[in-house]
Amino acid sequence: MPKISNKGKQMPESPIRKLVPYSEIAKKKGHKVYHLNIGQPDIKTPEVAMNAVKNIDLTILEYSHSAGNESYRKKLANYYTNQGISVNIEDIIITTGGSEALMFAMGSTMDQGDEIIIPEPFYANYNGFSTASGVNVIPVISTIETGFALPAVADFEKLITPKTKAILICNPGNPTGYLYSKEEIMQLAALVKKHDLFLISDEVYREFTYDGDIHYSVMSVPGLEEHAIMIDSVSKRYSMCGARIGCIVSKNKEVMTTAMKFAQARLSPPTIEQIASEAALDTPQSYFDEVISEYRERRDTLIEELNKIDGVIVSKPKGAFYCIAQLPVNNADAFAQWLLESYDLDGETVMVAPAAGFYSTPGMGLNQVRIAYVLKKDDLISAVRILKAAIPVYNATQTQA
């Protein structure tokens, strides 16, 4: 029998999706499952985007330009200018989601065996993108005790080798919800300039900041034009996860020329979804005001409820719509599966994402879970009530075993 590749064997499973079969079994039993495991907002997609799709009048569904529709890129450049990010259409390539943008960034800047330093815990698919690109992830650990703040620059610097090509951050962070301050971004900027590295910043949650904190983009750092690469997406900003439209943005002409080769190799991003994404740029500010207010209330509700559980450690996220919670269990992976397979409270249970999959350091995050607060407040309260009741029952089963 022909064998699959070693690269295929090394591709990690998604900690967000690997428990799906167990949730399906739970639902077949008639149990209601509260999905805290995945960042799929229940917020409605802006009407302007949906109407653009409904009103499409095309006789041929053509390829777009490999870099994306010029009208969309021009409008997107204007959006970034309004965000304090000065770019033009030549600095933007539209991609099939932020995922493809990350693949383009890695493919354009790194060779087989090169290294990328990433603060962990980090978005689990960074492991997959790195494996697919033949790139080695070098983690620098942030801790729940500091709220997952940026590790000391000295911790980054001691990991830099001749193979190091880039530092990758997610700002605000998935899975931690941490928002890097301007000072932290400037520290990283100085470091990558000193060692002649790229600074890749995944900024898909830019709009989602709370408590008066402001997002500061790597594209706003003076003198970082040749080093900064920004990854973006419409998925969470406009609750358009299914559109699969993102972009890679950089002022570095060589990076963008190289990324364009990858863009040409996959021909073009989806046409209809670009039309929807372009229209979404006309979304009124009132939409974001309401969404951010709703997420802030959900965050506060979730943190308040989690703090009622003895032994739980959780820090209040500053952005995005995730948090990492440390639970008083010995193995969050086993606990998450047990919740779906063997536990319900009045016919209801909870699905969480085990956090070990968001680390690349073995043994880290074993008793942590990522929670996405993308459910209504009453559902969040019910979900945490189930967790509170389930933990002592699960620990009792472990003692008996």
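Conventions adopted
- The numbers attached to residues start from 1 for each chain and follow its sequence in the written order.
- Side-chain atom pairs in this predicted model are given and counted only at pLDDT of 80 or more, local residue features only at pLDDT of at least 70, and totals for whole chains, interfaces and linings cover all residues.
- Excluded from the side-chain calculations are hydrogens and water; all other atoms, namely the structure's heavy atoms, are used.
- Secondary structure elements are taken from DSSP: a helix is a run of H or I of four residues or more, a strand is a run of E of two residues or more, and numbering for both begins at the N terminus.
- Only the C-alpha atoms count toward the radius of gyration. The rule for a globule is 2.2 Å times the residue count to the power 0.38.
- Under the scheme applied here, a residue whose accessible area is under 20% of the maximum for its type counts as buried, over 50% as exposed, and between as partly exposed, the area being computed with a 1.4 Å probe on protein chains only.
- Two residues form a contact once any of their heavy atoms are found within 4.5 Å.
- Pairing of aromatic side chains requires ring centres within 6.5 Å, counting the rings of Phe and Tyr and the six-membered ring of Trp. Pairs whose planes differ by under 30 degrees are stacked, by over 60 edge-to-face, and all others tilted.
- What counts as a disulfide here is a pair of cysteine sulfur atoms lying within 2.5 Å.
- Here, any two strands with at least 2 DSSP bridges between them count as paired.
- For helices, the fitted line uses only the C-alpha atoms of the stretch in contact; every axis is such a line through C-alpha atoms, and the angle between N-to-C directions lies from 0 to 180 degrees.
- Side-chain atoms within 4.5 Å link the members of a nonpolar core, which is a set of buried Ala, Val, Leu, Ile, Met, Phe, Trp, Tyr and Cys residues.
- Annotation comment: domain bounds sourced from an automatic or database domain assignment.
- A 1.4 Å probe defines the accessible area here, and the buried area is the portion of it lost by two parts on being joined, summed over both.
- Each reported salt bridge corresponds to a side-chain nitrogen of Lys or Arg within 4 Å of a carboxyl oxygen of Asp or Glu.
- Counting of polar contacts relies on pairs of N or O atoms within 3.5 Å, with two restrictions inside protein: one atom must be capable of donating a hydrogen and the other of accepting it, and residues adjacent in sequence are counted only when both atoms are side-chain atoms.

Looking up the protein in an unreviewed UniProt entry gives the name Aminotransferase, with the organism given as Flavobacterium xanthum.

Participant: I would appreciate a short explanation of the overall build of the protein in the present structure.
Facilitator: Helix and strand counts for the protein stand at 13 helices and 13 strands. Taking 401 residues into account, the globule formula puts the C-alpha radius of gyration at 21 Å, and the protein, at 21 Å, falls close to it. Counting only C-alpha atoms, the protein reaches 60 × 60 × 55 Å along its principal axes. Counting across all 401 residues of the protein, residues that qualify as buried make up 56%. If you take every contact in the protein between residues at least 6 apart in sequence, the share linking residues at least 24 apart comes to 76%.

Participant: Would you explain the packing of aromatic side chains in this entry?
Facilitator: For any pair of aromatic rings, the description rests on two quantities: the centre-to-centre distance and the angle between the ring planes. Under the counting rule described, the total for this entry stands at 18 aromatic pairs. Taken together, Y205, F208, Y295, F321, Y322 and Y373 form an aromatic cluster joined through their ring pairs.

Participant: Would you take a moment to explain the state of the cysteines for this structure?
Facilitator: Note on terminology: disulfide describes a covalent bond linking the sulfur atoms of two cysteines. Considering all chains together, one arrives at zero disulfides under this definition. Left without a disulfide partner, C323 is nearest to the cysteine sulfur of C170, which lies 15 Å away. On the basis of relative accessible area, C323 is assigned to the buried category, the value being 0%.

Participant: Explain the sheet that holds strand β3 (residues 115-120) here, please?
Facilitator: Strand pairing within a sheet occurs via backbone hydrogen bonds; the two strands may be parallel or antiparallel. Read from one edge to the other, the open sheet built from seven strands follows the order β2-β8-β7-β6-β5-β3-β4, with strand pairing classed as mixed. Edge positions in the sheet fall to β2 (92-95) and β4 (136-141), since each of these pairs with one other strand and no more. Neighbouring strand axes in the sheet, compared pairwise and without regard to direction, differ in orientation by 25 degrees on average. Relative to strand β6 (residues 198-202), strand β5 (residues 164-170) runs parallel, the two being bridged by five bridges.

Participant: Help me understand the nonpolar core, please; the structure alone is not making it clear to me.
Facilitator: For soluble globular proteins, nonpolar side chains are generally found buried alongside one another. Of all hydrophobic cores here, the largest spans 135 residues; its most connected members are Y80, I116, I200, I248, L306 and F335. Split by domain, the residues of this core number at least three in each of domain 1 (6-44 + 286-400) and domain 2 (58-281). With residues near it in sequence (within four places) discarded, L306 still touches V312, V314, C323, A325, I371 and V384.

Participant: What's the story with the domain arrangement of the protein in this structure? I'm lost.
Facilitator: A common way to express how large an interface is: the accessible area buried when the components associate. Structurally, the protein comprises domain 1 (6-44 + 286-400) and domain 2 (58-281). The straight-line distance from the C-alpha centre of domain 1 to that of domain 2 is 26 Å. At the interface, 39 residues of domain 1 touch 35 residues of domain 2. Across the domain 1 to domain 2 interface the summed buried area is about 3200 Å²; carbon plus sulfur atoms make up 61%. Taken together, the links from domain 1 to domain 2 amount to one salt bridge. Here domain 1 and domain 2 share 15 residue pairs in polar contact (both at pLDDT 80 or more) between them. Of all elements in the fold, only α1 (6-10), α11 (285-306), β10 (322-326) and β13 (368-372) reach the threshold of two or more residues within the side of domain 1 that touches domain 2. With seven residues, α11 is the largest single contributor of residues to the side of domain 1 that touches domain 2.

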